[in-house]
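# Fold and contact review
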Amino acid sequence: RTAMQPFVILSTQRSGTSYLASALRNYPGAYCFPELYNSHTSALNRHFHYHEFIRSSLLCRALRRVGVSRRLLVAFHLRSCFSQHADCQAVGLKLMYCQEKPFPEVLMILKQQGGKVIHMVRRNVLRVALSRALSQRMQQWASKESLPLRTIALDPDACLNELRETAAKQQLYRERCGDFDSLE
């Protein structure tokens, strides 16, 4: 038996990460957790969500009281989550750029463990902006069905700024993941 391969799907929202994570959850020998570091988590993954895990774990509460670093708590959280699927050959999680910023420990810990990065980049950043605007308008962030066609209005200046920001984030994370064994 080979050791479990940790991985992270790193991207911006609206880039196909939910689809990939779902496909991996249905692939034998692999499991991908949803966004464990999202401040707005669903009831589906609440048990594994970092903030809920820290609040509900007696050990974590005791460790926080004695001043254990957050880096060790994040490492403990990841180990606890990944151990739930120890029978898998590969276990990972989705991590959005906006979640990595307040939790840089996640990438550092996975790097120490020989983790791999799947850097999802939607090359057409206009589609990211359109998808984000549509999901905000419809208040629907994920769907298994095709959404009805809608007309949406975009502020050209705001859209251009968003396109530039998205492209800059993608490049920043390309550079940050340069030390990882990664796939884009």
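All of the points below concern the structure found in this document. (Residues numbered from 1 in each chain as written. Predicted model: local features only at pLDDT ≥ 70, side-chain atom pairs only at ≥ 80, totals over all residues. Heavy atoms only, no water.)

### Some remarks on the pattern of salt bridges
Side chains that carry opposite charge are capable of pairing whenever their charged atoms lie near each other. In plain terms, the rule: Salt bridges are identified by distance alone: a Lys or Arg side-chain nitrogen within 4 Å of an Asp or Glu carboxyl oxygen. The secondary structure listing takes helices from DSSP runs of H or I that are at least 4 residues long and strands from runs of E that are at least 2 residues long, numbered from the N terminus. Think of it in three bands: residues with accessible area under 20% of the maximum for their type are buried, residues over 50% are exposed, and the middle band is partly exposed, with areas taken using a 1.4 Å probe on protein chains only.
Summed over the entire model, instances satisfying the criterion amount to three salt bridges. The partner of Lys94 in a salt bridge is Glu35, and the shortest N-O contact between them spans 3.2 Å. Here Lys94 is found in strand β3 (residues 90-96), whereas its partner Glu35 is found in the loop between β2 (30-33) and α2 (50-56), with 59 residues between them in sequence. One exposure class covers both Lys94 and Glu35, and it is buried. When the shortest N-O distance is used, the salt bridge between Arg70 and Glu105 registers 2.9 Å. Within this pair, whereas Arg70 is found in helix α4 (residues 70-83), its partner Glu105 is found in helix α6 (residues 105-112), the two being separated by 35 residues in sequence.

### Examining the side chain of Glu35
Heads up, the condition is: Within 3.5 Å is the distance limit for a polar contact, defined as a pair of N or O atoms, with the added protein rule that one can donate a hydrogen and the other accept it, and that residues adjacent in sequence qualify only through two side-chain atoms.
The exposure class of Glu35 is buried, given its relative accessible area of 16%. Reaching out from Glu35, the side chain makes a polar contact with the side chain of Lys94 at a distance of 3.2 Å.

### A short note on the nonpolar core
Heads up, the condition is: Grouping buried Ala, Val, Leu, Ile, Met, Phe, Trp, Tyr and Cys residues that are joined through side-chain atoms within 4.5 Å yields what is termed a nonpolar core. Here, two residues are considered to be in contact whenever any of their heavy atoms come within 4.5 Å of each other.
With 31 residues, the main nonpolar core has Phe33, Tyr37, Leu93 and Val106 as its most contacted residues. At the level of secondary structure, the elements contributing two or more residues to this core comprise β1 (5-11), β2, α2, α4, β3 and α6. Dropping the residues within four chain positions of it, Tyr37 is found in contact with His49, Tyr50, Val74, His77, Leu78, Leu93, Leu95, Gln99, Phe103 and Val106.

### Points about the environment of Arg70
In this structure Arg70 comes out as partly exposed when scored by relative accessible area, which is 33%. The spacing of Arg70 and Glu105 is 35 residues in sequence and 8.3 Å in space, taken between C-alpha atoms. In this structure the side chain of Arg70 is engaged in a polar contact, spanning 2.3 Å, whose partner is the backbone oxygen of Pro102.

### Points about the pairing of β1
For the record, the criterion: Pairing between strands is defined by DSSP: at least two bridges between the two strands are required.
The element β1 is extensively covered by neighbouring structure, given that six of its seven residues are classed as buried. Of the pairings in the sheet, the one linking β1 to β3 comprises seven bridges and is parallel in character. Note that in β3 the partner of Gln5 across the bridge is Ala90. Examined bridge by bridge, β1 and strand β4 (residues 116-119) share four bridges and lie parallel to one another. Following the sheet pairing, Ile9 is matched in β4 by Ile118.

### Let's talk about the packing of α4 against α6
We count it as follows: Axis lines are fitted to C-alpha atoms, over the contacting stretch for helices. Their N-to-C directions set the angle, which ranges from 0 to 180 degrees. A clockwise turn of the near helix away from the far one marks a right-handed crossing, whereas an anticlockwise turn of less than a right angle marks a left-handed crossing. Note on residue categories: nonpolar means Ala, Val, Leu, Ile, Met, Phe, Trp, Tyr, Cys or Pro, charged means Asp, Glu, Lys or Arg, and polar means any other residue, Gly included.
At a minimum axis distance of 10 Å, the contact between α4 and α6 shows a crossing angle of 60°. In this structure, α4 meets α6 at a crossing whose hand is right-handed. Residues Arg70, Arg71, Val74, Ala75, Leu78 and Phe82 of α4 touch α6, and the partners they reach there are Glu105, Val106, Met108, Ile109, Leu110 and Gln112. Residue composition of the contact of α4 with α6, grouped by class: eight nonpolar, one polar and three charged.

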